[in-house]
Amino acid sequence: METTDAVGLLAGLLTTVSFIPQVVKIWRSRSARDISYGMYACFIAGVSLWMYYGIAIGARPIALNNAVVLLLAIVIVVLKLRFERARGDSTLAQDARSPAPAPLHKE
């Protein structure tokens, strides 16, 4: 294996593994309330394009690592949807129903 491929695999491994604690936290807490659908939609689109790019140029480290990151990102969005449905709300609907925070000082 060439040094550049090894560096690419290591970089991809580190960035891919960084998603695992988030998936575990969401699974254990049964909440993904702070996860943004908009951010993940953009992220999934970008990762999909990086994966396609890696396949197109024959760069296995890019294609493989982005495929795994894509899978983990999709898992996060699916968990968010699942846990919101289980609570019977969505993040946007819950935010709209939440009362204004109480003031810290009463005058």
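What you are looking at is a predicted structure, and each value in this text was computed from that prediction instead of being measured.

A. Fine view of the packing of aromatic side chains. On inspection of all chains with the given rule, the structure shows 4 aromatic pairs. Summarising the aromatic geometry, the rings of Trp 50 and Tyr 53 are spaced 5.6 Å apart at their centres and angled 85° between planes, so their arrangement reads as edge-to-face. One end of the pair, Trp 50, and the other, Tyr 53, are both in helix H3 (residues 37–57), 3 residues apart, so they sit about a helical turn from each other. The class for Trp 50 is partly exposed, based on a relative accessible area of 49%. Among the aromatic side chains, those forming a connected cluster through ring pairs are Phe 19, Tyr 40 and Phe 43.

B. Just the pattern of salt bridges, in detail. Throughout the structure, instances matching the rule amount to 1 salt bridge. One salt bridge in this structure joins Glu 84 and Lys 80, with 3.0 Å as the shortest N-O distance. One end of the pair is Glu 84 and the other is Lys 80, both in helix H4 (residues 60–87) and 4 residues apart, which spans about a single turn. Lys 80 carries the same exposure label as Glu 84, and that label is buried.

C. Expanded view of H4. Helix length check: H4 (28 residues) gives 41 Å between terminal C-alpha atoms against 40 Å at 1.5 Å per residue, within 8%. Residue Gly 88 follows H4 closely and has a positive phi angle near 80°.

D. Focus on the side chain of Lys 80. The class of Lys 80 is buried, set by a relative accessible area of 2%. In terms of polar contacts, Lys 80 uses its side chain to reach the backbone carbonyl oxygen of Arg 33, at 3.5 Å.

E. Representation of the confidence of the model for the chain. Here the chain averages 84 in pLDDT, while 82% of its residues score no lower than 70. Confidence, expressed as mean pLDDT per element, reaches its minimum in the chain at helix H5 (residues 91–97) with 49 and its maximum at H3 with 95.

F. Main features of the packing of helix H2 (residues 20–29) against H4. As a packed pair, H2 and H4 sit with axes 10 Å apart at the nearest point and diverge in direction by 15°. Between H2 and H4, the angle is such that the two are roughly parallel. Judged by the sense of rotation from one axis to the other, the crossing of H2 with H4 is left-handed. Note on element contacts: H4 touches H2 through Leu 72, Val 75, Ile 76, Leu 79, Arg 82 and Phe 83, opposite Ile 20, Gln 22, Val 23, Ile 26 and Trp 27. Among the residues making up the contact of H2 with H4, the classes are represented as 9 nonpolar, 1 polar and 1 charged.

G. Examining the environment of Leu 10 more closely. Note on placement: Leu 10 falls in helix H1 (residues 3–17). Separated by 55 residues in sequence, Leu 10 and Asn 65 have C-alpha atoms that sit 9.6 Å apart.

H. View of the nonpolar core. Of all hydrophobic cores here, the largest spans 16 residues; its most connected members are Phe 19, Ile 26, Ile 35, Tyr 40 and Ile 76. Here this core takes 8 residues from H4, the largest share from any one element. Sequence-distant contacts of Ile 76, that is, excluding residues within four places in its chain, are made with Phe 19, Gln 22, Val 23, Ile 26, Ile 35 and Tyr 40.

Rules of the game
Residues numbered from 1 in each chain as written. Predicted model: local features only at pLDDT ≥ 70, side-chain atom pairs only at ≥ 80, totals over all residues. Heavy atoms only, no water. Phe/Tyr/Trp six-rings, centres within 6.5 Å; stacked < 30°, edge-to-face > 60°. Helix = DSSP H or I, 4+ residues; strand = E, 2+ residues; numbered from the N terminus. Buried < 20%, exposed > 50% of the residue type's maximum accessible area, 1.4 Å probe, protein only. Salt bridge = Lys/Arg side-chain N within 4 Å of Asp/Glu carboxyl O. Expected span 1.5 Å × (residues − 1). Polar contact = N/O pair within 3.5 Å; in protein donor to acceptor, adjacent residues only side chain to side chain. pLDDT = per-residue confidence, 0-100. Axes fitted to C-alpha atoms, helices over the stretch in contact; angles between N-to-C directions. Parallel < 35°, antiparallel > 145°, perpendicular 65-115°, else oblique. Left-handed = near helix turned anticlockwise from the far one by under 90°. Contact = heavy atoms within 4.5 Å. Nonpolar A, V, L, I, M, F, W, Y, C, P; charged D, E, K, R; others polar. Core = buried A, V, L, I, M, F, W, Y, C linked by side-chain atoms within 4.5 Å.

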